[in-house]
Amino acid sequence: MNITWIKCKTDNCYLVSSGNDAVLVDTGSSVSYDKVLEECSNYNMRLIVLTHVHFDHAENAAKLAERFDVPVAFHRADLELFESFDKQPMVSYGIVGKVVLDTSLKVLRSTKVVKPDKTIFIKEGDDLSEYGIDAKIIELPGHTKGSIGVDVAGTDLIVGDALDNWITPATGHLYTSRSNLISSAERIRSLGDRTLYYGHGKPTGNAFKLLK
Ligand SMILES: [Zn+2]
Ligand SMILES: [Zn+2]
């Protein structure tokens, strides 16, 4: 199993591949479309997974899905975010959270994420082996209601925005439910030895500041 880190503007996407088969986890925003497309073009694309439906992770999903003729998988609880970001208003904690929310709220609210034609709902325990990779879905609600992570081969965990590494690795600074966010962070910690891949910031080991 191989993970290719695609660094976008302020966000990350990951290509999880086994041989020539690949699954794209998150798609970046429209400014990163060409870069993500180029990376994906090296592989036999099988599926696109969204850790959650915010534009910086999902804006290119519909276009890439059409280009590669693959479905887009996400959790049902985030379906409403294709209608409007305001279906799940966000709160922040701490100084980093305030800065991130202040600088991104306007664009989060004003950027409409196009719903892909072919979609699949994913949930806890779903196995992606039918798409050519050794990975499972884990539910990590709190940042959004439908936030999920992708646990790759029991060694690497793509966490979306359940955690972030804007400055240091920590519980995600923006959330719709603080209690769910904390439970999800505790769950990640309980998984033990993993390399964590964030929606924002560099990968680290499984050690981060846990919000109480
Ligand atoms: Zn987000
Ligand atoms: Zn994000």
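Refer to the structure presented above.
What counts and how
- Residues numbered from 1 in each chain as written.
- Chains lettered and ligands numbered in written order.
- Predicted model: local features only at pLDDT ≥ 70, side-chain atom pairs only at ≥ 80, totals over all residues.
- Heavy atoms only, no water.
- Helix = DSSP H or I, 4+ residues; strand = E, 2+ residues; numbered from the N terminus.
- Rg over C-alpha atoms; globule rule 2.2 N^0.38 Å.
- Buried < 20%, exposed > 50% of the residue type's maximum accessible area, 1.4 Å probe, protein only.
- Contact = heavy atoms within 4.5 Å.
- Areas by Shrake-Rupley, 256 points an atom, 1.4 Å probe, with all protein chains shown as cover.
- Lys, Arg positive; Asp, Glu negative; His and termini not counted.
- Charge placed at Lys NZ, Arg CZ, Asp CG, Glu CD.
- Salt bridge = Lys/Arg side-chain N within 4 Å of Asp/Glu carboxyl O.
- Donors = N, O, S within 2.8 Å, 3.2 Å for Na, K, Ca; no water.
- Tetrahedral: all angles 85-135°; square planar, octahedral: opposite > 155°, others 65-115°.

Some remarks on the overall build of the protein chain
Counting secondary structure elements, the protein chain contains five helices and 15 strands. Since a compact globule built from 212 residues should have a radius of gyration of about 17 Å, the 15 Å found for the protein chain is in line with a globular shape. Dimensions along the principal axes, computed over C-alpha positions, put the protein chain at roughly 40 × 40 × 25 Å. Across the 212 residues in the protein chain, those meeting the buried criterion constitute 56%. Within the protein chain, contacts between residues separated by at least 24 positions form 63% of all contacts whose residues are at least 6 apart in sequence. Split by element, the accessible area of the protein chain, about 9,300 Å² in all, is 50% carbon and sulfur. Distance between charge centres in the protein chain, computed from 24 positive and 28 negative side chains, equals 5 Å.

Structural notes on the pattern of salt bridges
What the rule picks out here adds up to nine salt bridges. Note that Asp-102 is salt-bridged to Lys-98, the shortest N-O span being 2.9 Å. You can see Asp-102 and its partner Lys-98 sitting in helix α4 (residues 94-110), four residues apart, about one turn around the helix. Of the charged contacts in the structure, one is a salt bridge between Arg-194 and Asp-151, with a shortest N-O distance of 2.8 Å.

Points about the coordination of the zinc ion (ligand 1)
Reference values for coordination geometry: four tetrahedral donors around a metal ideally subtend 109.5 degrees, six octahedral donors ideally subtend 90 or 180 degrees. His-52 (NE2), His-54 (ND1), His-143 (NE2) and Asp-161 (OD) make up the full set of protein donors to the zinc ion (ligand 1), lying at 2.1 to 2.5 Å. Considering all four donor atoms around the zinc ion (ligand 1), the spread of angles at the metal, 88 to 174 degrees, places the coordination shape in the irregular class. Counting gaps between the donor residues of the zinc ion (ligand 1) yields the pattern H-x1-H-x88-H-x17-D.

Shape descriptors only; they carry no functional weight alone.
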